[in-house]
Amino acid sequence: LVLHDRTHGAEVPALLFSPQCKPRADAVLMVDENGKQGFLNPTGDAGTRVVDELVKSGRQVLLIDCVGTGEHIAPEGSARRSQREFPSDNSACKWSFTYNRTDTAERVYDILCALNYLQGAGGAREVSVVGSGRAGLWCMLATAFAHGIARTAFDTAGFDTMAYAASDFGEY
């Protein structure tokens, strides 16, 4: 499944798990810093126990690959934006992020696209959001802009707001 946002040209690779019986009007969006693979078993052919339990309870579960994760990882040798390529004084970084969206902003947008899908075409009455690893922060940002979110669970991946300086772009 690929979610399309024709307005902005976004394409979000996704996997949708639905119960065999008539699904409840509830859905869970699960986002991991490693993409869909973070919630799949090691062989990649089925969901983890968490995904399986949610589906057994009658919920739809949508897993996505945000920009820079899973199927969204740029192939080796292709042009790819990396903060590590900027000079140590961050001058190019500051200029670039003034005129372009950051990877985090793109990931938040992908999450919003997935939420729109679940609430629209997916037919979910209630949508919950789970963010694992660094994706917990992406989900936290996205849900601030979303409507109708029933429940959230975010992993902050050790993010310390007190130690995070505005000039340090870090790993997030």
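Residues numbered from 1 in each chain as written. Predicted model: local features only at pLDDT ≥ 70, side-chain atom pairs only at ≥ 80, totals over all residues. Heavy atoms only, no water.

Enquirer: Would you take a moment to explain the overall build of the chain for this structure?
Expert: Looking only at helices and strands, the chain features 4 helices and 6 strands. Secondary structure of the chain in N-to-C order comes out as β-β-β-α-β-α-α-β-α-β. By residue count, 35% of the 172 residues in the chain fall in the buried class. Summarising the internal contacts of the chain: among those between residues at least 6 apart in sequence, 66% fall at separations of at least 24. Of the roughly 10000 Å² that the chain leaves accessible, carbon and sulfur atoms contribute 52%. (Helix = DSSP H or I, 4+ residues; strand = E, 2+ residues; numbered from the N terminus. Buried < 20%, exposed > 50% of the residue type's maximum accessible area, 1.4 Å probe, protein only. Contact = heavy atoms within 4.5 Å. Areas by Shrake-Rupley, 256 points an atom, 1.4 Å probe, with all protein chains shown as cover.)

Enquirer: Got a minute to help me understand the environment of Thr 152 in this structure?
Expert: When you line up the elements, Thr 152 lands in strand β6 (residues 149-154). Thr 152 sits 23 residues away from Val 129 along the chain, and the two C-alpha atoms are 4.8 Å apart. Setting aside chain neighbours within four positions, we find Thr 152 in contact with Val 129 and Thr 143.

Enquirer: Just checking my understanding: could you explain the pairing of strand β3 (residues 26-32) for this structure?
Expert: Within a regular beta strand, the side chains point alternately toward one face of the sheet and then the other, so they alternate between its two faces. Of all 7 residues that make up β3, 7 are buried, and the element is covered over most of its length. Burial along β3 is two-sided: Asp 26, Val 28, Met 30 and Asp 32 and Ala 27, Leu 29 and Val 31, pointing in opposite directions, are all buried. Alignment of β3 against strand β5 (residues 126-132), held across 7 bridges, turns out to be parallel. Looking at the pairing, Val 31 lines up with Gly 131 of β5. (Pairing = 2+ DSSP bridges.)

Enquirer: Would you mind going over helix α4 (residues 135-145) with me for this structure?
Expert: In an α-helix there are 3.6 residues to a turn, and that puts residues three or four apart on one side. Taken together, the buried positions of α4 are Ala 135, Gly 136, Leu 137, Trp 138, Cys 139, Ala 142 and Thr 143. Buried positions along α4 lie against β3, α3 (103-119), β5 and β6.

Enquirer: Which parts of the structure should I look at to understand the packing of α3 against α4?
Expert: The packing of two helices is summarised by the inter-axis angle and the distance between the axes. Packing of α3 against α4 brings their axes to within 9 Å, and their N-to-C directions diverge by 60 degrees. The orientation of α3 relative to α4 falls into the category oblique. When you trace α3 past α4, the crossing you get is right-handed. Note on element contacts: α4 touches α3 through Trp 138, Cys 139, Leu 141, Ala 142 and Phe 145, opposite Thr 104, Arg 107, Val 108, Ile 111 and Leu 112. Its residues assigned to classes, the contact of α3 with α4 comprises 8 nonpolar, 1 polar and 1 charged. (Axes fitted to C-alpha atoms, helices over the stretch in contact; angles between N-to-C directions. Parallel < 35°, antiparallel > 145°, perpendicular 65-115°, else oblique. Left-handed = near helix turned anticlockwise from the far one by under 90°. Nonpolar A, V, L, I, M, F, W, Y, C, P; charged D, E, K, R; others polar.)

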